[in-house]
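Residues per chain are reported as follows:
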Amino acid sequence: MALRSPSETPRAGLSTPTETELLALVRTQPVPQHVAIIMDGNGRWATRRGLPRVAGHREGVKTARAIVRAAGDLGLRYLTLYAFSTENWSRPEDEVSMLMKLLEEAIYRELPELMERNVRLRVIGRANGVPVPIRRGIDRVVEATRHNTGLHLLMAFNYGGRDELIDAFRTLARRVAAGDLKPDDISEADVSGALYTAETPDPDLLIRTSGEMRVSNFLLWQIAYTELWITSTLWPDFHPVDLYRAVADFQGRTRRFGGV
Ligand code: FPP
C-alpha cells in the first residue's frame, strides 16, 4: 500500500489508506518508543474562524485527548506534549490565565480515562512561577497516576530547554562541589540523568504542527538525533491519522546517529 505524506495530493490510481488501515499497517513494524509534539496553531485556527484565541486552545485540548488515545493504540511508550513554554508568559495576561486554567481543568477531567487507560502523567518544567492552585491540581493527577504502567505522558509545562540545561548544570555543579563527581568524569549519562526527563529515552520523532521550521527551545539536549516531521496542519485540525502518517514516514527513514 502506498502511503503519502499530508502535504502530497493523492495521485490517480492510488487510494489513501483509512485511519484504521494505516494504524494496522504501522503496527506491523516497530513504532518509535518516544514521540514529542510541539502543538502549534491554536491561535491561528481560532482567528481564521473569527473566534477568540481561547476557542482554539479549547479545540487544542480535544486534539490532545485524541492524540493521547491514538498514542496508546499505537503502543508508544512515551509521548511528550509541549503545553506551555517559559516564553508563553509574554502573551496577554488574560490568555495566560485562561490557558493555565484550561490545562489544569483538562488534566483533572481526564483523570478517570488516564486511569482506565493505565497512563502515567509526568510534568517537565520549572515548578517555580506556576500559580500554586494550578500546580496543586496538576500534581494531584501526577500523584494519582504514579503507579500506572502504560503510556508515559510527559507534559512540558512552564518548560524551557535552556532553563532545563541550566538546572541540570546546577545539579551537576552541586555534585562536583560535594565531591561526588569529578569534572572530567561528567558523561552524557550524567547530563541526561540531571534533566527533567531523567530515565526517559530521547525522542525518536519530533512532530511540529502549523508549519514553523524551528524547535522553539524544546528538549534541546534530547533531540540531538531525533527525526523531525513538520506539517502545515494546525494543531486543532491534527487527527490520529496524521500521527499515524508521521510514524509511517518515520518507519521508512534510516537513522544513522551521525554514522554512515
Ligand atoms: C499553540 O498554539 C498552543 C499552545 C502553546 C497552548 C497549549 C496547548 C493546548 C491548549 C493543547 C492542549 C494540551 C494539553 C496537554 C491538554 P498557539 O497559541 O501558539 O497558536 P498560534 O501559533 O497560531 O498563535
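Everything below is about the structure printed above this text.
Attention here is on the structure that accompanies the text. Note that the structure is predicted; figures quoted are calculated from it, not measured.

Quick notes on the rules
Residues numbered from 1 in each chain as written. Predicted model: local features only at pLDDT ≥ 70, side-chain atom pairs only at ≥ 80, totals over all residues. Heavy atoms only, no water. Helix = DSSP H or I, 4+ residues; strand = E, 2+ residues; numbered from the N terminus. Rg over C-alpha atoms; globule rule 2.2 N^0.38 Å. Areas by Shrake-Rupley, 256 points an atom, 1.4 Å probe, with all protein chains shown as cover. Lys, Arg positive; Asp, Glu negative; His and termini not counted. Charge placed at Lys NZ, Arg CZ, Asp CG, Glu CD. Core = buried A, V, L, I, M, F, W, Y, C linked by side-chain atoms within 4.5 Å. Buried < 20%, exposed > 50% of the residue type's maximum accessible area, 1.4 Å probe, protein only. Pairing = 2+ DSSP bridges. Axes fitted to C-alpha atoms, helices over the stretch in contact; angles between N-to-C directions. Near = heavy atom within 4 Å. Polar contact = N/O pair within 3.5 Å; in protein donor to acceptor, adjacent residues only side chain to side chain. Expected span 1.5 Å × (residues − 1). Contact = heavy atoms within 4.5 Å. Salt bridge = Lys/Arg side-chain N within 4 Å of Asp/Glu carboxyl O.

Tallying secondary structure elements over the chain gives nine helices and six strands in all. The C-alpha radius of gyration of the chain comes to 19 Å, within 12% of the 18 Å expected for a compact globule of 260 residues. With the model as given, the accessible surface of the chain reaches about 13600 Å², and the carbon-plus-sulfur share is 52%. With 34 positive and 33 negative side-chain charges, the chain shows a spacing of 2 Å between the two charge centroids.

By size, the foremost hydrophobic cluster in this structure holds 48 residues, and its most contacted members are Ile37, Leu79, Phe157 and Ile207. Of all the elements, helix H9 (residues 240-251) adds the most residues to this core, at seven residues. Core analysis: the next-biggest nonpolar cluster, separate from the first, contains 13 residues, Ile38, Tyr78, Tyr196 and Leu206 among them.

With parallel pairing, the six strands of this open sheet are ordered in space as S3-S4-S2-S1-S5-S6. The sheet terminates laterally at strand S3 (120-124) and strand S6 (227-230), the two strands that pair on one side only. For this sheet, the mean angle separating the axes of adjacent strands, direction not counted, is 20°. The pairing of strand S5 (residues 205-208) with S6 spans four bridges and is parallel.

Let us look at the site of the ligand. Lining the immediate environment of the ligand, one finds 18 residues, of which Met39, Asp40, Arg44, Ala83 and Arg91 sit closest. Within the backbone of Arg44, a nitrogen or oxygen atom sits 2.7 Å from an oxygen atom of the ligand. Summarising the interface, the protein chains cover 90% of the accessible area of the ligand, which totals 630 Å² for the free molecule. For the shell around the ligand, the elements supplying multiple residues, two or more each, are helix H2 (42-48), helix H3 (53-74) and helix H4 (93-109). Looking at the shell around the ligand element by element, the count peaks at five residues for H3.

What follows concerns the pairing of strand S2 (residues 78-85). With eight of eight residues buried, S2 lies mostly within the body of the structure. Here S2 runs beside strand S4 (residues 152-159); their pairing, made up of seven bridges, is parallel. Residue Tyr78 lies in a different strand from S4, and its bridge partner there is His152.

Here H9 contains twelve residues, and its C-alpha end-to-end distance of 17 Å stays within 8% of the 16 Å for a straight helix at 1.5 Å per residue. In terms of burial, H9 is a largely internal element, eleven of the twelve residues being buried. Turning to H9, its buried residues are Pro240, Val241, Asp242, Leu243, Tyr244, Arg245, Ala246, Val247, Ala248, Phe250 and Gln251. Along its buried surface, H9 packs onto helix H1 (19-26), strand S1 (34-38), H3, S5 and S6.

Topologically, Ser15 is positioned in the segment before H1. Once the C-alpha coordinates of Ser15 and Ala156 are considered, the two residues, 141 residues apart in sequence, prove to be 37 Å apart.

In S5, alternate side chains face the same way, and those of Leu205 and Ile207 on one face and Leu206 and Arg208 on the other are all buried. Sheet topology note: the S1/S5 ladder contains four bridges and is parallel. Residue pairing across strands places Ile37 opposite Ile207, the latter belonging to S5.

A separate point is H3. Count 3.6 residues to each turn of an α-helix, and residues three or four apart come out pointing the same way. End to end, H3 covers 31 Å across 22 residues, agreeing with the expected 32 Å (1.5 Å per residue, within 8%). Just downstream of H3, Gly75 is the residue with a positive phi angle, here 90°.

All right, on to the side chain of Thr145 then. Residue placement: Thr145 occurs in the loop between helix H6 (132-144) and S4. For Thr145, a relative accessible area of 0% corresponds to the buried category. Those residues in contact with Thr145 that sit more than four places away from it in its chain are Leu111, Leu114, Met115, Val119, Arg120 and Leu121.

This next bit is on the pattern of salt bridges. Pairs can form between side chains of opposite charge once their charged atoms are near each other. Tallied over the entire structure, the rule returns 22 salt bridges. For the salt bridge of Arg53 with Glu95, the shortest nitrogen-to-oxygen distance reads 2.8 Å. Separated by 42 residues along the polypeptide, Arg53 in helix H3 and Glu95 in helix H4 bring together distant segments of the chain. When its relative accessible area of 9% is taken as the criterion, Glu95 is described as buried. Residue Arg126 pairs with Asp167 through a salt bridge whose shortest N-O separation is 2.9 Å. Of this pair, Arg126 sits in the loop between S3 and H6 while Asp167 sits in helix H7 (residues 161-177); the two residues are 41 residues apart in sequence, bridging distant segments of the chain. Linked by salt bridges that have partners in common, Asp40, Arg44, Arg208, Glu212 and Arg214 make up one network.

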